[in-house]
Amino acid sequence: MIRYTLTRGVLLIAGLLVSSVLIFVTLRVFPGDVAQLIAGTQASPAAVEALRESLGLNRPLIAQYGEWIGGVLAGDLGTSQLSGASVGAELAQKAQITVPLGIMSLLIALLIAVPFGVGSALLRGRAGGTAINVTAQTLAAVPVIWAGMMLIVVFAVWLGWLPAQGFPRHGWEQPGQALQALLLPALTIGIVEGAMLLRFVRSATLQARGQDFVRTAAAKGLTRNRALIQHGIPAVGLSIVTVLGLQVAGIVVGSVVIEQLFTLPGIGRMLVTDVGTRDLVKVQSELLVLTGLVLVIGFIVDLVHHFVDPRQREAA
């Protein structure tokens, strides 16, 4: 287990380094000049060049990358080229919205996927199972922004139960209002991601239904469905944990869109704004943090899967 963890840890670090290089290079390919943007359209070429030099934009790219990644390794994500504010401090502040939004979305996705996915498998061939399966396929194909707009119309405009946009000015000092502000965005992401996960839970449950240990339990007197619930569902849980690592990436991408739609001042909305203003240091640090989050969760899920499943340990 220790050797496996160290190997995966090395791969994680390598993945983060490769991601940092790709992020850094890709952002330099985009058109636009940060110095010109800061100085304004009326600035003289000399003034723009002087600003470019003060920002270090005229240095070799390898030197710029080395300074940035060196700061990241030291725990410093850099400072905004436009405002001069600490990127790490801003990310920590925005994470107070994005992280709870992601957790709520994941919980909603699980509450949808697990019971309805198992139910769809148990009701296979019946009207109820078909209805669940068709509904899941439809919801999984719905763009997250369209789902958000429909939920706003129903729960904010027609029923007036939840706020359509915004976040309390004092944040989590008003926990009730903060949760209300996040509930509709979390439902939007959770429903779409839950529909995708539901189909996997259904397939995994059907696969477990045909396993020898389930048939043996049924032969000892249990009904087929009870044997599946008692003996097959725990085995399905391991597969669900693995897929959850992939779902995190979908939730991260969904939060970028949903924070814009619901005007939530989170990391996703900040990222879109910073891309538009060409604040390169902030954008590259934000992208690295989001990429690192996905890679770390995948690393943890991989370790859990390896630790729980003896077949993985034997293969290693």
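Since we're looking at a predicted model, the values are computed, not measured. Residue numbering note: each chain is counted from 1, following its sequence as written. Side-chain atom pairs in this predicted model are given and counted only at pLDDT of 80 or more, local residue features only at pLDDT of at least 70, and totals for whole chains, interfaces and linings cover all residues. To obtain the side-chain values, all non-hydrogen atoms of the structure were included, while hydrogens and water were left out.

### Let's talk about the nonpolar core
Note on terminology: a nonpolar core comprises buried Ala, Val, Leu, Ile, Met, Phe, Trp, Tyr and Cys residues joined through side-chain atoms within 4.5 Å. Exposed residues in this analysis have more than 50% of their type's maximum accessible area, buried residues have under 20%, and partly exposed residues fall in between, with area computed by a 1.4 Å probe over protein chains only. Within the largest apolar cluster, 23 residues are counted, with the highest numbers of intra-cluster contacts made by W68 and L91. In this text, helices come from DSSP runs of H or I with a minimum length of four residues, and strands from runs of E with a minimum of two, each type numbered from the N-terminal end. Counting only elements with at least two residues in this core, the list comes to helix 1 (2-29), helix 2 (34-39), helix 4 (61-73), helix 5 (87-122), helix 10 (224-261), helix 11 (267-277) and helix 12 (280-308). Among the elements that take part in this core, helix 12 stands out by supplying five residues, more than any other. I97, L182, I189 and L264 belong to the second largest nonpolar core, which has 21 residues in total.

### Quick look at the packing of aromatic side chains
In this scheme Phe, Tyr and Trp rings, the latter by its six-membered ring, pair at centre separations within 6.5 Å, and the angle between planes marks the pair as stacked below 30 degrees, edge-to-face above 60, and tilted otherwise. A complete count under the given rule lists five aromatic pairs for this structure. The interplanar angle of 65° and the centroid separation of 6.0 Å between the aromatic rings of Y65 and W68 together place this pair among those described as edge-to-face. Linking Y65 with W68, this pair stays in helix 4, spanning three residues, or about one helical turn. An aromatic cluster of three or more residues is present, and its members are F24, Y65 and W68.

### Here we look at the side chain of S19
Relative to the helices and strands, S19 is located in helix 1. The contact rule is simple, with two residues in contact once any of their heavy atoms fall within 4.5 Å. With residues near it in sequence (within four places) discarded, S19 still touches T291 and L295.

### Quick word on the confidence of the model for the protein chain
As a per-residue measure, pLDDT tells how confident the predictor is, with possible values from 0 to 100. Overall, the predicted model of the protein chain reaches an average pLDDT of 84, with 88% of residues at or above 70. Within the protein chain, no element has a lower average pLDDT than helix 13 (residues 310-315), which sits at 53, and none a higher one than helix 7 (residues 144-158), at 93.

### Here's the deal with the packing of helix 5 against helix 11
Only C-alpha atoms enter the line fits that serve as axes; for helices the fit covers just the stretch in contact. Angles between N-to-C directions range over 0 to 180 degrees. Their axes nearest at 8 Å, the elements helix 5 and helix 11 cross at an angle of 130°. For the element pair helix 5 / helix 11, the angle class is oblique. Side by side, helix 5 and helix 11 meet where E90, L91, K94, A95 and T98 of the first sit next to I267, G268 and M270 of the second. Residues belonging to the contact of helix 5 with helix 11 are distributed by class as follows: four nonpolar, two polar and two charged. Our angle categories are set so that under 35 degrees counts as roughly parallel, over 145 as roughly antiparallel, 65 to 115 as roughly perpendicular, and the remainder as oblique. Following the grouping adopted for this structure description, the nonpolar residues are Ala, Val, Leu, Ile, Met, Phe, Trp, Tyr, Cys and Pro, the charged ones are Asp, Glu, Lys and Arg, and the polar ones are all others, Gly among them.

### A look at empty space enclosed by the protein
The way it works is a 1 Å grid over only the protein atoms, where trapped points that fit a 1.4 Å probe form a cavity and open points with protein on both sides within 12 Å along at least five of seven lines form a pocket, and then any residue with an atom within 4 Å of a point lines it. Grid points are joined across faces, edges and corners, and a volume is the space filled by probe spheres set on the points. One pass over the full model with this rule turns up one cavity of 30 Å³ or more. In this structure, the largest cavity encloses a volume near 40 Å³. What lines the largest cavity is L27, F30, D274, V275, R278, D279, L280 and V283. When residues of the lining of the largest cavity are traced back to their parent elements, those giving at least two are helix 11 and helix 12. Here the lining of the largest cavity is composed, by residue class, of five nonpolar, no polar and three charged.

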